[in-house]
Amino acid sequence: MDHYRLDKYSLERNAFSGDLLLLVDGSTRYKQILSRAFPSLYFSRTFDDRNEAFSWGTYIKGADDNEAEALDNLCFLLKKCVFIDDDLDEYFALDYHSQMSEYGEWERTGIGRLVREAKPYDRDRNSGNKSSAQTIISWINEEFLPFHPTYLAADLIVSVPPSNLNKPFDLPEFLARGISENWTGGLKFASPAIRKVRSTRPMKECKTISEKIDNIKDAFEVDSEVFRNKSVLIIDDIYQTGFSINEVARTLKITGAKLVLGLVATKTLRDLSEVTL
């Protein structure tokens with residue numbers, strides 16, 4: 001699993017042909033993201049930038065001024081958010097959970113601090129902060145969804161079912177429900193149609209990859225009629241190794257979901273490769 005941001009891009013219209021020239025410094029996976037978001041537009045095969053200032057380029061035909069602006073907005077969003085190259089059809093985090101400060105020390109990002117404040121860890125010592133959670137919801141509804149056409153067109157929104165029920169509230173469910181309730185489009189909250197069919201341990205307690213797989217495999221079931229031929233957005237708070245959200249996505253795909261998208265508030269810097277086999 002890789003994770004990265006789009007480094008830089010250039011989007012210009014040719015005055016003679018009317019075609020758009022998009023140059024990108026970043027993975028070619030971003031071309032798939034853009035072409036999925038704008039299925040009516042023609043994206044040429046990728047080619048090397050002759051000036052070597054960017055990783056690759058593509059010509060885009062058929063874009064009017066509104067579509068060109070929407071393309072530019074999505075590219076700008078891709079510079080801010082973290083793309084997680086995982087098993088879902090598409091997966092983003094709003095930001096990393098922590099970053100290196102100018103003084104060479106690790107510190108939480110702005111979104112990382114909000115997640116730490118919002119997340120209820122237990123009933124006694126840290127009951128969570130719904131006001132901070134609401135700020136995350138507002139960021140998603142105002143700064144992410146309006147600028148990503150694929151996510152904007154999702155039919156249903158769900159959360160990853162919790163492993164620990166002994167909390168004042170479940171943050172992923174609170175986020176998913178709040179996004180749906182505060183969104184003016186047709187993003188329907190459908191978490192009740194996903195259930196855990198057996199108990200699991202918190203994934204942070206599983207020390208090896210085998211333990212994590214055994215812990216979460218076949219732990220969920222869904223109402224297939226709810227999700228069949230639907231585009232589904234799965235919400236979670238923090239992405240560490242991704243086993244839970246990927247198992248939910250796998251279950252949705254098996255039962256007929258058309259497209260499964262992921263969105264988490266933050267991505268930790270710890271990767272699957274750092275987990276013991």
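Quick caveat: nothing in here was measured; it's all calculated off a predicted structure. (Residues numbered from 1 in each chain as written. Predicted model: local features only at pLDDT ≥ 70, side-chain atom pairs only at ≥ 80, totals over all residues. Heavy atoms only, no water.)

Chemist: Which parts of the structure should I look at to understand the overall build of the protein?
Modeler: Per the secondary structure count, the protein includes nine helices and 15 strands. Since a compact globule built from 277 residues should have a radius of gyration of about 19 Å, the 20 Å found for the protein is in line with a globular shape. Principal-axis analysis of the C-alpha atoms places the extent of the protein at approximately 65 × 50 × 40 Å. When each of the 277 residues of the protein is scored for burial, the buried share is 50%. A separation of at least 24 residues holds for 72% of the contacts in the protein among residues at least 6 apart in sequence. Accessible area for the protein stands at about 13,800 Å²; split by element, carbon and sulfur atoms hold 46% of it. (Helix = DSSP H or I, 4+ residues; strand = E, 2+ residues; numbered from the N terminus. Rg over C-alpha atoms; globule rule 2.2 N^0.38 Å. Buried < 20%, exposed > 50% of the residue type's maximum accessible area, 1.4 Å probe, protein only. Contact = heavy atoms within 4.5 Å. Areas by Shrake-Rupley, 256 points an atom, 1.4 Å probe, with all protein chains shown as cover.)

Chemist: Sorry, what's going on with the sheet that holds strand E2 (residues 8–13) here?
Modeler: Adjacent strands of a sheet form backbone hydrogen bonds with each other and so pair up, either parallel or antiparallel. Spatially, the four strands line up as an open sheet ordered E2-E3-E5-E4, and their pairing is antiparallel. Two strands lie at the open edges of the sheet, namely E2 and strand E4 (42–43), each paired on one side alone. With two bridges joining them, E4 and strand E5 (residues 56–61) adopt antiparallel strand pairing. Bridge pairing in E5 places Phe 43 opposite Ile 60. (Pairing = 2+ DSSP bridges.)

Chemist: What is the right way to read the pattern of salt bridges from this model?
Modeler: For side chains of opposite charge, pairing can occur when their charged atoms come near one another. Tallying each qualifying case throughout the model produces 14 salt bridges. Here Asp 19 makes a salt bridge to Lys 61, at a shortest N to O gap of 2.7 Å. Taken together, the positions of Asp 19 in the loop between E2 and strand E3 (20–25) and Lys 61 in strand E5 put the pair 42 residues apart, joining distant regions of the chain. For Lys 61, a relative accessible area of 39% corresponds to the partly exposed category. Across the pair Lys 253 and Asp 89 runs a salt bridge, and its minimum N-O distance is 2.9 Å. With Lys 253 in helix H9 (residues 243–254) and Asp 89 in the loop between strand E6 (82–85) and strand E7 (90–96), the pair connects residues that are 164 residues apart, well separated along the chain. On the accessibility criterion, Lys 253 (36% relative accessible area) is partly exposed. What you see here is one network of salt bridges that share partners, running through Lys 217, Asp 218, Glu 247 and Arg 250. (Salt bridge = Lys/Arg side-chain N within 4 Å of Asp/Glu carboxyl O.)

Chemist: Please explain the sheet that holds E7 as it appears in this structure.
Modeler: Here seven strands make up an open sheet; going across it, the order is E1-E6-E7-E15-E14-E10-E11 and the pairing mixed. Each having just a single partner strand, strand E1 (2–4) and strand E11 (188–189) make up the two edges of the open sheet. Here E6 runs beside E7; their pairing, made up of two bridges, is antiparallel. Bridging across to E7, Phe 83 finds its partner in Phe 92. Set on the sheet, helix H1 (residues 29–37) makes contact with E1, E6, E7 and strand E15 (259–267); between it and E6 the angle comes to about 105 degrees. Against the sheet, H9 makes contact with E7, strand E14 (231–239) and E15, and its axis sits at roughly 170 degrees relative to E14, the strand it touches most. (Axes fitted to C-alpha atoms, helices over the stretch in contact; angles between N-to-C directions.)

Chemist: What should I look at first to understand a nonpolar patch on the surface in this one?
Modeler: A cluster of nonpolar side chains, contributed by Met 100, Trp 106 and Leu 269, occupies part of the molecular surface with about 320 Å² of accessible area. Along the chain, Met 100 turns up in strand E8 (residues 98–100). By relative accessible area, which is 44% here, Met 100 ends up partly exposed. (Patch = residues over 30% accessible without salt bridge, like charges linked within 9 Å, V, L, I, M, F, W, Y side chains within 5 Å.)

Chemist: Could you clarify how one ought to interpret H9 in this entry?
Modeler: Helical geometry: 3.6 residues make up each α-helical turn, so side chains three or four residues apart lie on a common side. Taking 1.5 Å of rise per residue, the twelve residues of H9 would be expected to cover 16 Å, and the 16 Å separating its terminal C-alpha atoms lies within 8% of that figure. With nine of twelve residues buried, H9 lies mostly within the body of the structure. Phe 243, Ser 244, Ile 245, Asn 246, Glu 247, Val 248, Ala 249, Thr 251 and Leu 252 are the residues of H9 that are buried. In the segment just after H9, Gly 256 is the residue with positive phi, at about 105 degrees. (Expected span 1.5 Å × (residues − 1).)

Chemist: Just checking my understanding: could you explain the pairing of E3 for this structure?
Modeler: A regular strand places its side chains so that they alternate between the two faces of the sheet. Sheet topology places E2 next to E3; six bridges connect them, and they run antiparallel. When the sheet's bridge partners are listed, Leu 11 is paired in E3 with Leu 22. With antiparallel pairing between neighbouring strands as the criterion, E2 and E3 make up a hairpin whose turn holds six residues, including Gly 18 at a positive phi of roughly 85 degrees. In this sheet, E5 lies alongside E3 in antiparallel orientation, the contact comprising five bridges. Within E5, the position partnered with Leu 20 by the bridge is Ile 60.

Chemist: Whenever I open this one, the environment of Ala 193 confuses me. Can you help?
Modeler: Along the chain, the position of Ala 193 falls in the loop between E11 and strand E12 (194–196). We classify Ala 193 as buried; its relative accessible area is 7%. Through-space distance from the C-alpha of Ala 193 to that of Thr 266 is 25 Å; in sequence the pair is 73 residues apart. With residues near it in sequence (within four places) discarded, Ala 193 still touches Glu 221, Val 222, Asp 223, Val 226 and Phe 227.

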